[in-house]
Amino acid sequence: MKLSEMRELLTTRQIQLTKSLGQNFLHDGNQLRRIVDAAELQPADKVLEIGPGLGPLTQLLLEKSGEVFAIEKDARLVEVLRERFPNLNLLHADALDFLKNEPRDWSGWKLVANLPYSVASPILVELAQAPGCPQRLVATLQLEVAKRLMAAADDDDYGVLTLLVQLRYQPREWFKIPADCFFPAPDVDSACVCLVRRATPLLPEAQHAVFERIVKRAFSQRRKMMLKLLKQDWPAAKLEAAFAALQISPQERGEKLSLEQFVALTQALASAPA
Ligand code: SAM
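Note that this is a predicted model, so its numbers are computed, not measured.

We now examine the domain arrangement of the protein. The accessible area lost on association of the parts is a frequent measure of interface size. On domain assignment, one finds that the protein holds domain 1 (3-197) and domain 2 (205-269). Counting residues at the interface gives 14 residues for domain 1 and 16 residues for domain 2. Summed over both partners, the interface of domain 1 with domain 2 buries about 1,200 Å², with 64% contributed by carbon and sulfur atoms. Considering only the side of domain 1, the residues that lose the most area to domain 2 are Tyr158, Leu163 and Leu167, jointly responsible for 41% of the buried surface there. Between the two partners, domain 1 and domain 2, sit two salt bridges. Our count for the contact surface shared by domain 1 and domain 2 stands at seven residue pairs in polar contact (both at pLDDT 80 or more).

As summarised here, the arrangement of the seven strands in space is E4-E3-E2-E5-E6-E9-E7, forming an open sheet in which the pairing is mixed. A strand with exactly one partner marks an edge of an open sheet, and here the two such strands are strand E4 (89-92) and strand E7 (169-177). Taking the axes of each pair of neighbouring strands and ignoring which way they run, one obtains an average angle of 20° across the sheet. Its contacts with the sheet put helix H6 (residues 120-129) on strand E2 (46-50), strand E5 (109-114), strand E6 (136-142) and E7, and the angle it makes with E6 is roughly 165°.

It is worth spelling out the side chain of threonine 266 at this point. With respect to the helices and strands, threonine 266 occurs in helix H12 (residues 259-269). The exposure class of threonine 266 is buried, given its relative accessible area of 0%. Here phenylalanine 262 takes part through its backbone oxygen, which lies 2.7 Å from a polar atom of the side chain of threonine 266.

Turning to the pattern of salt bridges, a few remarks are in order. Scanning the model with the defined rule gives 19 salt bridges in all. Glutamate 240 is the salt-bridge partner of lysine 231, the closest N and O atoms lying 3.7 Å from each other. Residue lysine 231 is classed as partly exposed on the basis of its relative accessible area, which comes to 40%. For glutamate 240, a relative accessible area of 42% translates into the label partly exposed.

On to the pairing of E4, then. In this sheet, E4 lies alongside strand E3 (residues 67-72) in parallel orientation, the contact comprising four bridges. Paired with isoleucine 71 across the two strands is leucine 91, which belongs to E4.

Once that is clear, we can look at the layout of surface pockets. Computed from the structure, the largest pocket encloses a volume of approximately 690 Å³. In terms of lining, the largest pocket is formed by 40 residues, of which the most central are Leu21, Gly22, Gln23, Pro116 and Tyr117. Counting only elements with at least two residues in the lining of the largest pocket, the list comes to strand E1 (25-26), E2, helix H3 (56-64), E3 and helix H5 (95-101). Classifying every residue of the lining of the largest pocket gives 23 nonpolar, 10 polar and seven charged.

In this section: the site of the ligand. The environment of the ligand is formed by 22 residues, the closest being Leu26, Gly51, Glu72, Ala95 and Asn114. The side chain of glutamine 23 places a nitrogen or oxygen atom 2.9 Å from an oxygen atom of the ligand. Take proline 52: an N or O atom from its main chain is 3.4 Å from a nitrogen atom of the ligand. For the ligand, the accessible surface in isolation is 600 Å², of which the surrounding protein chains cover 98%. Here the ligand occupies the largest pocket. When residues of the shell around the ligand are traced back to their parent elements, those giving at least two are E1 and E3. Partitioned by chemical class, the residues of the shell around the ligand number 11 nonpolar, six polar and five charged.

With that settled, consider the pairing of E3. The buried fraction of E3 amounts to five of the six residues, a majority that puts the element mostly inside the structure. Note that E2 and E3 share five bridges and pair parallel. Each bridged residue has a counterpart across the sheet, and for leucine 48 the counterpart in E3 is phenylalanine 69. One crossover worth recording links E2 to the parallel E3 by way of H3, and it is right-handed.

About the criteria used
- Residues numbered from 1 in each chain as written.
- Predicted model: local features only at pLDDT ≥ 70, side-chain atom pairs only at ≥ 80, totals over all residues.
- Heavy atoms only, no water.
- Domains from an automatic or database assignment.
- Contact = heavy atoms within 4.5 Å.
- Buried area = accessible area lost by both parts, 1.4 Å probe.
- Salt bridge = Lys/Arg side-chain N within 4 Å of Asp/Glu carboxyl O.
- Polar contact = N/O pair within 3.5 Å; in protein donor to acceptor, adjacent residues only side chain to side chain.
- Pairing = 2+ DSSP bridges.
- Helix = DSSP H or I, 4+ residues; strand = E, 2+ residues; numbered from the N terminus.
- Axes fitted to C-alpha atoms, helices over the stretch in contact; angles between N-to-C directions.
- Buried < 20%, exposed > 50% of the residue type's maximum accessible area, 1.4 Å probe, protein only.
- 1 Å grid on protein atoms, 1.4 Å probe; cavity = no way out; pocket = protein on both sides within 12 Å on 5 of 7 lines; lining within 4 Å.
- Points joined across faces, edges and corners; volume = space filled by probe spheres on them.
- Nonpolar A, V, L, I, M, F, W, Y, C, P; charged D, E, K, R; others polar.
- Near = heavy atom within 4 Å.
- Areas by Shrake-Rupley, 256 points an atom, 1.4 Å probe, with all protein chains shown as cover.
- Sits in = over half its atoms within 2 Å of the grid points.
- Right-handed = clockwise from strand over helix to strand, strands pointing away.

Have a look at this one:
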């Protein structure tokens, strides 16, 4: 979908874009193709698209996959999409509310979306934590959030978002998308990330809540020693024994610990009373 077509559609329909809904539409054909390539779509694939907007990405997804389920919040855009793509499985809803209130098994799906930036992180966490999480996440979002998703221990961007998503997903690739590829150009830098679901889960489902609790507590005060912070939730003796067994210094801060160390700590503490 060319920029001129987008402008014309918006003018004919008298649609004024809503900034709070993150309505920056991607019109650059090369970037759209790069996003679709990152999804490695097969003809039988099922794709979840959140925030289809005027449908530039939707068009390619419909061409390359077996099924597209799209969720769009703006009723004016839903009307446009229904006319453009009569066969699209389209839901008029707030995607975050939908994901929270109507849990589904997404394990046979791929997320491919240019997400509304203001809700991109909670949407990704919601999907990543679903028991049947999608096999792949290909998402365009704010560069700052992209860096957090792809970070490793000791990076400035490493934190709660990194760990909650990477527990289930292996970061694969990411690339920047220049602002002038969108209409209107956003005020922030953008990037597309690709994460692939781990073939073997790092932790059993039953221990995920403990992992989340440890991670959130460890980063609740970034500069403080993790052992001290965790004492709010676990007995000191149990913590000290676990740190010693895992050869983690009692002075260590959460930002220095790798995902694998957080996983090992979860296994050691999962049986301890919190
Ligand atoms: N995919 C289109 C593209 O690439 O041009 C549009 C992307 S635009 C960044 C984000 C889209 O998400 C907008 O169409 C906006 O109306 C929609 N949106 C915003 N908040 C939403 C929400 N909570 N649930 C579903 N859609 C939402």
